[in-house]
Amino acid sequence: MRRSHGFFRSCPVFLVLGMFALALLIFPQQAKKPQRIMNTDPELRLKWYDQHVEMKNSSKFKDLKWQFLGPTNVSGRITDIAVVAPKGKNYTMYVATASGGVWKTENEGVTWSPIFEQGPSTAIGDIAIAPSNQQVVLVGTGEANIFRSSQSGAGIYKSLDGGKSWQHMGLAGTNTIARIVVHPKNPDVVYVAASGHEWTTNPDRGIFKTVDGGKNWEKILFINDETGAIDLVMDPQDNDTLYSATWQRMRKRWNDPRNEPPYNGSGIHKTTDAGKTWKPIDSGLPEAKFRGRIGIDICLTKPNVLYAFVDNYEKAREPSETERADAYGLPSAGIIKGATIFRSDDKGETWKQTGPHMENHSGTYGWVFGQTRVDPNNENTVYTMGLRLHVSNDGGKTSQPVAGPGVDHHALWIDPDNSNYMIKGYDQGLAVSYDKGKNWRTFTNLLPVCQFFNINYDMATPFKVYGSMQDHGSFRGPVDLSRGRDRIPAAAFESAPGGEGSNHAIDPTNPNIVFSAGFYGTISRAEYDKQGAAPGRPFSKSLLPRPFENEPRLRGQWLAAFILSPHNPNIVYHGMQFVFRSLDRGDTWEKISPDLTYNAQTEMGDIPYHTIFAISESPLKYGLIYVGTDDGKVWVTKDGGKKWEEIMSGLPYQKWVSRIIASQYDMATVYMTQNGKRDDDFAPYVWKSTDYGKTWADISKGIPLGPANVIREDPVNRNILYVGTDQGVYVTTDGAKSWTVLGANLPSTYVHDLIIHPRDNIIVCATHGRGMWALDANPVNEKDKRQQRFFRD
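Here's what I pulled together on the structure shown here. Computed from a predicted model, the values in this text were never measured in an experiment.

1. Looking at the layout of surface pockets
Right, so step 1: Looking at the second largest pocket, its volume works out to about 1200 Å³.
Right, so step 2: Looking at the second largest pocket, it is lined by 35 residues, and the ones nearest its centre are Ile129, Pro131, Ile180, Leu300 and Trp413.
Right, so step 3: Contributions of two or more residues to the lining of the second largest pocket are made by β2 (78-83), β6 (124-129), β10 (177-182), β14 (227-234), β18 (291-298), β22 (371-374) and β26 (409-414).
Right, so step 4: Partitioned by chemical class, the residues of the lining of the second largest pocket number 26 nonpolar, 2 polar and 7 charged.

Structure below.
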C-alpha cells in the first residue's frame, strides 16, 4: 500500500524545494517578537553589589573625596518614622527616606547622622524598632509608593546596635517593602508586608514571617504575582491577630498604577493564629474591582476599632470643563471617588463608610498615598495622608486639613503616651508638633536628601549648576572655588527657571539666558537681564511648538530632551516624538524628523510614552545628530534631519535610552547608556560605536551593577569616560578597557546625571536622594599638569 508521502519521495529534489519556497510565500511564518530582558536575579544583584564594594575599596581613586555641594536649604521625601520610647527619657528618632537612606538623631533633631547610606539600595520603604530591645532596628528597602522617582529595594536589613552596623537578612527579591511589624515581646519574630516589583510580575510579594530573627522566612499570605501586601497592623492586646491590606497593581511605562478590569486582589485579610491561616474581611468595603490601595490602622487602646483608608475607584461623576486635565495637563478619564474612610468596630468583621468621599484629598494620584493613623488614645480621631495631612475628630464623618508645612504626606508617628506629640514626613522633609498640629518645627536644613533628576552648568564665575528636584522644582547653586578646589562649600540653592521635571540649558555666551523644559515637553526661555525683568525674577517666554489641527498630539517625556547646538547657542533642538529645530532661540520651530518611536497605539495611556529622551549633536559637525527614545529606538541624521537612519543593530529590545553622546574627539564615535529600571533589570548597558552607530560595542565590562543613567567624555583626555549609575560614579582612563569607582566617600546613591565643567575642571554629580556632590577632576585627567607642561614648554 502506498503511503501518503510517497509523492515527495518520488519527486525531484528541486521540485520539492520549490514547493516549500512557494508555501512560505503563500503562508509566511509568524515573525518571532523580540523579548525584553527583565527581572534580574536578586542574588546576582547582591553579588554585583559586593563586586562594586571590592572595586571601590581597591580603586586607584579611592582617596579622592567628593564634597557635598548642596542644597543646604532643601530636604526630600520621608517615607517612615520610628521613635525610641518613652519620650522624655529618650530623644532618639530614626527617619526613612525615599532614596537617601536612613538618618538618626539622639537629641530630638538638633543634629542628624546618616546611619544607612551604603548598600545595593538606599531607597527605604519602612523602618521598625523592636519594642522589647530598642537597639534592634529593621529596615525594609524599596519605596512602596511607586511613583516616578521611586527606586527598587534589595530586601531587609537588621541592626543590633542602634544602627552602627547592618546585616542583610534576606527578601532581596521583594523590591518594595511597605511595612515591618516586630513582635512586642520577641524581637526574633518579625512580619513583613512586601508589595513586590514595581514594573514586572513576581512571586516575592505578600506577607512574610520569620521566627529566628531573619535567618529564614516563610511566605504566609500570597494572593498572586501581581498582588502584594501594602499595609500590616498587629492587635496590641492579642499579638496573634494581625490585619493585612493587599494591593493588586502594576506600573506600566504608559500608565500609573490603576485598577485594571480583571483585578480582584485588593482587600483586607485577618489572621488570629499568627499567620497560619488568613480570611478576607471585606464586608462593607467597595467591590474588589473598585478597591485600589488601602491603608489600615488599629486603635492601641481600643483594638476593636480599625480604620481602612481606601483609594476608591467607584466613579463619582463626569469631569467638568475645567477638570478635563489632571495636575500635569494630561486628559482626565473621569472623576473617581478616591480617598474614602471606612471604620470597623468589630475587629474587621464588618466595615462602614464613615462619611463622604474626599475627591481632592489625594489629587489625581491616590495610589501614591494611602496611609492612615488612629490616635492611640482616642478612637474617634483619625489622620489620613494625601496632598495635605487631614484629621477627623468625629470618627471619620468629617475631615479637614491640618495646617502646617509641606505637601504630599507619607508618614506620621503619634506618641502613644501623649497624642499632642506628632512627627510627620512629607515630600519636602520632616516636622514635629508638640500641640497636636497647631504648630510645627521643621528639619529642612538638617536632612539633605533631595532628589535631583539632572544637572547642567553655566559659564559664569563662579559657575552655577542647575537641576530639577522631585517635589520641589528647579534650583541653581554656586560652585565656589575661592577657598580651594578641595574646600568647596556646601551652599543654599536658589529657585531657577523650570519645574520639578525640567532639563536645563544655559547660553554659554550669556549665563542670564536659561532654557528649561517642563512637564512632558513644555519648554521656555528665561532671561534674567531682559529689560523689565524684576531682580532675581527672569522674564520668561513659553516656546512649545504647536501642532496643526490635523497633526497628532505631541508627546513629551517627564524630562523632555532638548539641547542647544554646540555650534550656535541660538539653535535649539527639542524632542517630543518628533525632533524640532529652532534657529531663533525657540521663537519659531520646524519639524526635522518623522515620529522616531515605535508609536504603538496599544501603549498610549495616562503617561506620555514612545517619546524622545536623549539628543546629542556632534561638536565636530553641524547637523550630525543622534536621538534615543524611551522605547529603545536609536537614530542618526548626518544632514540636519533630511534623512534619518535607524541604528539599533545588536542592542537590547526596547531598553530605555538614558543618554547618548556624540564624541568631541572623533566624528564617527558615539556613546550611549540604556536603563533597565522599568524592566526591573539592574544590569549596566553602556555602548560605544565608531561608525556612526552602524555597529555597537558593549563597553560595560568592569561595571558590575546598574542601571546606567549617564555617560560623559572627559574634556581633556579622550580615553577618560565617566558613567553614573544607581550605585555611584565609575571612571575609565584607558578607553573602557577597565573601569573603577571614582572616589570612595560618595554614599550609595542614584547618580542620575553628571557634568565636567570644561573651564574649571570640576566634576559635579546630581543624585536622586543625596543632593549634588563635587570633585576635583585634576587628579583624574591631570589638566593642571598638562597646563604646567604647556606653559613650561
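That shown, we press on.
2. Topic: the packing of aromatic side chains
Right, so step 1: Applying the stated criterion to the full structure yields 14 aromatic pairs.
Right, so step 2: With a centroid separation of 5.4 Å and 70° between ring planes, the pair formed by Tyr520 and Trp558 is classed as edge-to-face. With a gap of 38 residues between them, Tyr520 in the loop between β35 (513-517) and β36 (523-527) and Trp558 in the loop between β37 (539-542) and β38 (562-565) connect regions that are remote in the sequence. Of the two residues, Tyr520 and Trp558, both sit in the buried class.
Right, so step 3: Summarising the aromatic geometry, the rings of Tyr598 and Tyr653 are spaced 6.0 Å apart at their centres and angled 75° between planes, so their arrangement reads as edge-to-face. Linking Tyr598 in the loop between β41 (590-591) and β42 (612-617) with Tyr653 in the loop between β45 (645-646) and β46 (656-662), this pair joins segments that are 55 residues apart in sequence.
Right, so step 4: Lys633 extends its terminal NZ or CZ atom over the ring of Tyr598, reaching a point 4.6 Å from the ring centre.

3. Focus on the pattern of salt bridges
Right, so step 1: Applying the stated criterion across every chain, the model contains 38 salt bridges.
Right, so step 2: One salt bridge connects Arg555 with Asp595, and the closest N-O pair in it is separated by 3.1 Å. Residue Arg555 is located in the loop between β37 and β38, and its partner Asp595 is located in the loop between β41 and β42; the two are separated by 40 residues in the primary sequence.
Right, so step 3: Residues joined in a network through salt bridges with shared partners are Arg36, Arg253, Lys655, Asp679 and Asp681.

4. Topic: the sheet that holds strand β21 (residues 352-353)
Right, so step 1: Strand order in the open sheet formed by 4 strands is β18-β19-β20-β21, and the pairing between neighbours is antiparallel. The two strands at the open ends of the sheet, each matched to only one other strand, are β18 and β21.

5. Quick word on the environment of Leu46
Right, so step 1: For Leu46, the location among the structural elements is in helix α3 (residues 42-58).
Right, so step 2: When its relative accessible area of 14% is taken as the criterion, Leu46 is described as buried.
Right, so step 3: Taking the C-alpha atoms as reference points, Leu46 and His168, separated by 122 residues in sequence, lie 9.9 Å from one another.
Right, so step 4: When sequence neighbours within four positions are dropped, the list of residues in contact with Leu46 reads Pro120, Ala154, His168 and Ala172.

The rules we used
Residues numbered from 1 in each chain as written. Predicted model: local features only at pLDDT ≥ 70, side-chain atom pairs only at ≥ 80, totals over all residues. Heavy atoms only, no water. 1 Å grid on protein atoms, 1.4 Å probe; cavity = no way out; pocket = protein on both sides within 12 Å on 5 of 7 lines; lining within 4 Å. Points joined across faces, edges and corners; volume = space filled by probe spheres on them. Helix = DSSP H or I, 4+ residues; strand = E, 2+ residues; numbered from the N terminus. Nonpolar A, V, L, I, M, F, W, Y, C, P; charged D, E, K, R; others polar. Phe/Tyr/Trp six-rings, centres within 6.5 Å; stacked < 30°, edge-to-face > 60°. Buried < 20%, exposed > 50% of the residue type's maximum accessible area, 1.4 Å probe, protein only. Lys NZ or Arg CZ within 6 Å of the ring centre and 35° of its normal. Salt bridge = Lys/Arg side-chain N within 4 Å of Asp/Glu carboxyl O. Pairing = 2+ DSSP bridges. Contact = heavy atoms within 4.5 Å.

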